[in-house]
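# Summary of structural features
The chain contents come next:
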Amino acid sequence: MKLQFGNNVPGPIEEVYEYVTGMGSDGPLDRILFAQKYGEVVEESDEAIVTRVLDGDSEVVWSSTFNYPYSRVMVVDSDYSDREDTFVVVKGGTKWTVIIHSKKGGIPGLMQ
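Described below are features of the structure shown in this document. Note that the structure is a prediction, hence the values are computed from the model and not measured. (Residues numbered from 1 in each chain as written. Predicted model: local features only at pLDDT ≥ 70, side-chain atom pairs only at ≥ 80, totals over all residues. Heavy atoms only, no water.)

## Concerning the overall build of the chain
Threshold: Each helix is a run of H or I in the DSSP string that is no shorter than four residues. Each strand is a run of E no shorter than two, and both are numbered from the N terminus. The buried label goes to any residue with under 20% of its type's maximum accessible area, the exposed label to any with over 50%, and the partly exposed label to all in between, with areas taken from a 1.4 Å probe on protein chains only. Residue contacts are counted whenever heavy atoms from the two residues lie within 4.5 Å of one another. Here the Shrake-Rupley method, with its probe set to 1.4 Å, supplies the accessible areas, and only the displayed protein chains count as covering residues. A positive count includes Lys and Arg, and a negative count includes Asp and Glu. His and the chain ends are not counted in either. Charged side chains are reduced to one point each, which is NZ for Lys, CZ for Arg, CG for Asp and CD for Glu.
A count of helical and extended segments in the chain gives 3 helices and 9 strands. Each helix and strand of the chain, placed in order from N terminus to C terminus, yields the pattern β-α-β-β-α-β-β-β-β-β-β-α. Along the three orthogonal principal directions, the C-alpha set of the chain runs to about 45 × 35 × 20 Å. Looking at the chain as a whole, 33% of its 112 residues are labelled buried. Put simply, 40% of the contacts in the chain that link residues at least 6 apart link residues at least 24 apart. When the accessible surface of the chain is totalled, it reaches about 7200 Å², and 53% of it is carbon and sulfur. In the chain, 10 positive and 18 negative side-chain charges are present, and the distance between their average locations comes to 9 Å.

See below:
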């Protein structure tokens, strides 16, 4: 199941991307704020940043890829939904679109 929503945001694509993702062209803009937003950084490479977030008694490990300033994809290896953000220049600002890729169908997929 896929859920998509978006909005036009006033501002240059780079500024919108950095505000939403916390990432600049060379990596995290502020490592402390990045960890607060994404969780503890476990591994970092040119392709992805792997983070770990405690969720009650379990932990969730996210693999996030960043294509500055056009997209962010966050993938998790569990029952949680994956997330894709895209950024496109439009007249008057930036179109920011979020696509949630649910791993469940029906009502449970919408509730994720």
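Having seen it, we continue.
## What about helix 1 (residues 13-21)?
Along an α-helix, residues three or four positions apart point the same way, because every turn accommodates 3.6 residues. Just so we agree on the cut-off: Each direction from the helix axis to a C-beta atom contributes to the arc, which is the arc of those directions.
Along helix 1, the residues classified as buried are Ile13, Val16, Tyr17, Val20 and Thr21. For helix 1, the angular spread of buried residues about the axis comes to 105 degrees, placing them on one side. Set apart from the buried face of helix 1 by more than 90 degrees, the exposed residues are Glu15 and Tyr19. Of the residues one or two after helix 1, Gly22 is the one with positive phi, at around 75 degrees.

## Some words on the sheet that holds strand 5 (residues 49-55)
Inclusion rule: One requirement defines pairing of two strands: DSSP has to find at least two bridges between them. Note on geometry: axes are lines fitted to C-alpha atoms, helical ones only across the stretch in contact, with angles between N-to-C directions running from 0 to 180 degrees.
In space, the 7 strands of this open sheet follow the order 1-9-8-7-6-5-4, with antiparallel pairing throughout. Edge positions in the sheet fall to strand 1 (2-9) and strand 4 (40-44), since each of these pairs with one other strand and no more. Strand-to-strand twist across the sheet, computed as the mean angle between neighbouring axes with direction ignored, equals 20 degrees. Of the strand pairs in this sheet, strand 6 (residues 58-67) and strand 7 (residues 71-76) are connected by 6 bridges, and their pairing is antiparallel. By the bridge assignment, Ser64 is partnered in strand 7 with Met74. Seen against the sheet, helix 1 touches strand 1, strand 6, strand 7, strand 8 (82-90) and strand 9 (93-101) and runs at an angle of roughly 160 degrees to strand 8.

## Structural notes on helix 2 (residues 31-38)
The line we're drawing: Any pair of N or O atoms that falls within 3.5 Å is considered a polar contact. Within protein, one atom must be able to donate a hydrogen and the other to accept it, and sequence-neighbouring residues count only if both atoms are side-chain atoms.
Between a side-chain oxygen at the N-terminus of helix 2 and the backbone nitrogen of Ile32 the separation is 2.9 Å; the capping residue is Asp30. After helix 2 finishes, the residue Gly39 shows a positive phi value of roughly 105 degrees.

## Section: the side chain of Thr94
Relative to the assigned elements, Thr94 resides in strand 9. Owing to a relative accessible area of 0%, Thr94 belongs among the buried residues under this scheme. A polar contact of 2.9 Å, which involves the side chain of Thr94, links it to the backbone oxygen of Gly11. Once residues lying within four places of it in the same chain are set aside, the contact partners of Thr94 are Asn7, Asn8, Val9, Gly11, Pro12, Ile13, Val16, Phe87 and Val88.

## Remarks on the environment of Asp46
Mapped onto the elements of the fold, Asp46 is located in the loop between strand 4 and strand 5. Separated by 20 residues in sequence, Asp46 and Phe66 place their C-alpha atoms 9.3 Å apart.

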